[in-house]
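# Residue-level structure breakdown
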Amino acid sequence: MKSHVNGEIDLEDGKSEKPVDKVIRSNKLMVHNQALLAGLAYCISSCSMILVNKFVLSSYNFKSSMLVYLMQNFISVIIVSTLSFLGIISTEPLTWRLIKVWLPVNVIFVGMLITSMFSLKYINVAMVTVLKNVTNVITAVGEMYLFQKHHDNRVWVALFLMIVSAISGGLTDLSFHAVGYTWQIINCFLTASYSLTLRRVMDTAKQVTRSGNLNEFSMVMLNNTLSLPLGLVLIFLFNEVDYLTTTPLLRLPVFWLIMTLSGFLGLAISFTSMWFLHQTGATTYSLVGSLNKIPLSLAGILLFKVPTSLENSASILFGLVAGVFFARAKMRERP
């Protein structure tokens, strides 16, 4: 046995680890496990949210998309407010100055949620995930013109493949519905607009907060609180009041249970996405989000027994692969 000054022990040519090395390895393993758990939670919550919404709107044939969206936002406000009151999280107080700055973003946010509900009612889950890729195209063009951000050739190739897959998927979709596709195209423009507008408004919003900062919980609270009165107005504009007063679904406890579950899942996506992004980074988050569409599309086809063809399945797969290729291209893109 031979002792060393540096504290290592060589026993028959086998060296034991330093205590510091053990701590470092243990910390790395803990971080890796937390990132894995965060990624799994994000994938499960995002997939479940879309599938539950599809189940409510299609399987139950519930005709009030506004109430579904209002229920989800109301539950989010209640939970975030409770956590903030208990001191578990911190949120910025809602002031008139902050509301006036944030209101334009919130209008786009509400439009984004509603059009997503409308499209999901008519289009199968797999095609919705493929058509959502068009959002990336609109966002990339918007970044180029608004922020003078230039993308390399790999990104543009991936975007072109996304457009091809969306067109081929629509042409081969056996359950094609023109209304649903129209809503989804509008949703793509609104989602891209929300992403592009949010970047500009966030800087202005931080200047009117008391702390000079605006965390993710405050943004969740802002969006969901401001969307409640807008949602109530839209229920009357879309003439859903008569339907809500006569439908027997609102008298079923099971239906309200599913609606409540969708509300919790909506908030879970916000929390798990922030957790996962904190544990990993924007590049890993983007790639996992693209990979997550593959099991989601498969589950949507199997659970809702969507009629499909070989051509349409190939188009869907092609679009999902294009999404992964886009995420990897963005990861390698020069800053």
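Residues numbered from 1 in each chain as written. Predicted model: local features only at pLDDT ≥ 70, side-chain atom pairs only at ≥ 80, totals over all residues. Heavy atoms only, no water.

## Let's talk about the packing of helix H5 (residues 133–146) against helix H7 (residues 178–207)
A packed helix pair is summarised by two numbers, namely the angle formed by the two axes and the spacing between the axes. Where H5 contacts H7, the two axes come as close as 8 Å, and the packing angle between them is 40 degrees. Taken as a pair, H5 and H7 cross one another with a handedness that is right-handed. In this structure, H5 uses Val-134, Thr-135, Ile-138, Thr-139, Gly-142, Glu-143 and Leu-146 to contact H7, whose residues at the interface are Cys-188, Phe-189, Thr-191, Ala-192, Ser-195, Leu-196, Arg-199 and Arg-200. Of the residues contributing to the contact of H5 with H7, the split by class is seven nonpolar, five polar and three charged. (Axes fitted to C-alpha atoms, helices over the stretch in contact; angles between N-to-C directions. Helix = DSSP H or I, 4+ residues; strand = E, 2+ residues; numbered from the N terminus. Left-handed = near helix turned anticlockwise from the far one by under 90°. Contact = heavy atoms within 4.5 Å. Nonpolar A, V, L, I, M, F, W, Y, C, P; charged D, E, K, R; others polar.)

## A look at the environment of Gln-34
Assignment of secondary structure puts Gln-34 in helix H1 (residues 19–59). The partly exposed category is assigned to Gln-34, whose relative accessible area is 33%. Leave out the neighbours within four places in its chain, and Gln-34 touches Trp-275 and Gln-279. (Buried < 20%, exposed > 50% of the residue type's maximum accessible area, 1.4 Å probe, protein only.)

## Section: unusual backbone geometry
For Asn-61, which is not glycine, the phi dihedral falls at a positive 55 degrees. With respect to the helices, strands and loops of the structure, Asn-61 is situated in the loop between H1 and helix H2 (65–85). Here Lys-305, not a glycine, exhibits a phi torsion of approximately 50 degrees, which is positive. Looking at Lys-305, the relative accessible area reads 74%, which means it is exposed.

## Remarks on the side chain of His-151
Of note, His-151 is situated in the loop between H5 and helix H6 (153–171). On the accessibility criterion, His-151 (10% relative accessible area) is buried. A distance of 3.1 Å separates a polar atom in the side chain of His-151 from a polar atom in the side chain of Glu-143. (Polar contact = N/O pair within 3.5 Å; in protein donor to acceptor, adjacent residues only side chain to side chain.)

## Things to note about the confidence of the model for the protein
When pLDDT is averaged across the protein, the result is 82; 86% of the residues are at 70 or more. The low-confidence segment residues 1–15 (pLDDT under 50) makes 13 contacts with residues lying over four places distant or belonging to another chain. (pLDDT = per-residue confidence, 0-100.)

## Some words on the nonpolar core
Residues Val-56 and Phe-62 are the most contacted members of the largest nonpolar core, which totals 33 residues. For this core, the secondary-structure elements that each account for two or more residues are H1, H2, helix H3 (96–122), helix H8 (216–237), helix H9 (241–246) and helix H10 (253–279). In terms of residues, this core owes the most to one element, H2, which gives nine residues. Beyond its immediate chain neighbours, meaning those up to four positions away, Phe-62 contacts Val-56, Leu-57, Leu-67, Val-68, Lys-121, Tyr-243, Leu-244, Leu-249, Leu-250 and Phe-255. (Core = buried A, V, L, I, M, F, W, Y, C linked by side-chain atoms within 4.5 Å.)

## Thoughts on the environment of Thr-191
Its place among the elements puts Thr-191 in helix H7. Measuring from C-alpha to C-alpha, the distance between Thr-191 and Ser-116 comes to 9.5 Å, with 75 residues separating the pair along the chain.

## Points about H7
Note that an α-helix has 3.6 residues per turn; residues three or four places apart therefore point the same way. For H7, with 30 residues, the first-to-last C-alpha span of 44 Å sits near the 44 Å given by 1.5 Å per residue. The sharpest bend along H7 reaches about 35 degrees and sits at Leu-198. Along H7, the residues classified as buried are Gly-180, Tyr-181, Gln-184, Asn-187, Cys-188, Ala-192, Tyr-194, Leu-196, Leu-198, Val-201 and Ala-205. Its buried side turned inward, H7 meets H3, helix H4 (125–131), H5, H6 and H8. (Expected span 1.5 Å × (residues − 1). Bend = angle between axes of the 7 residues up to and from the residue.)

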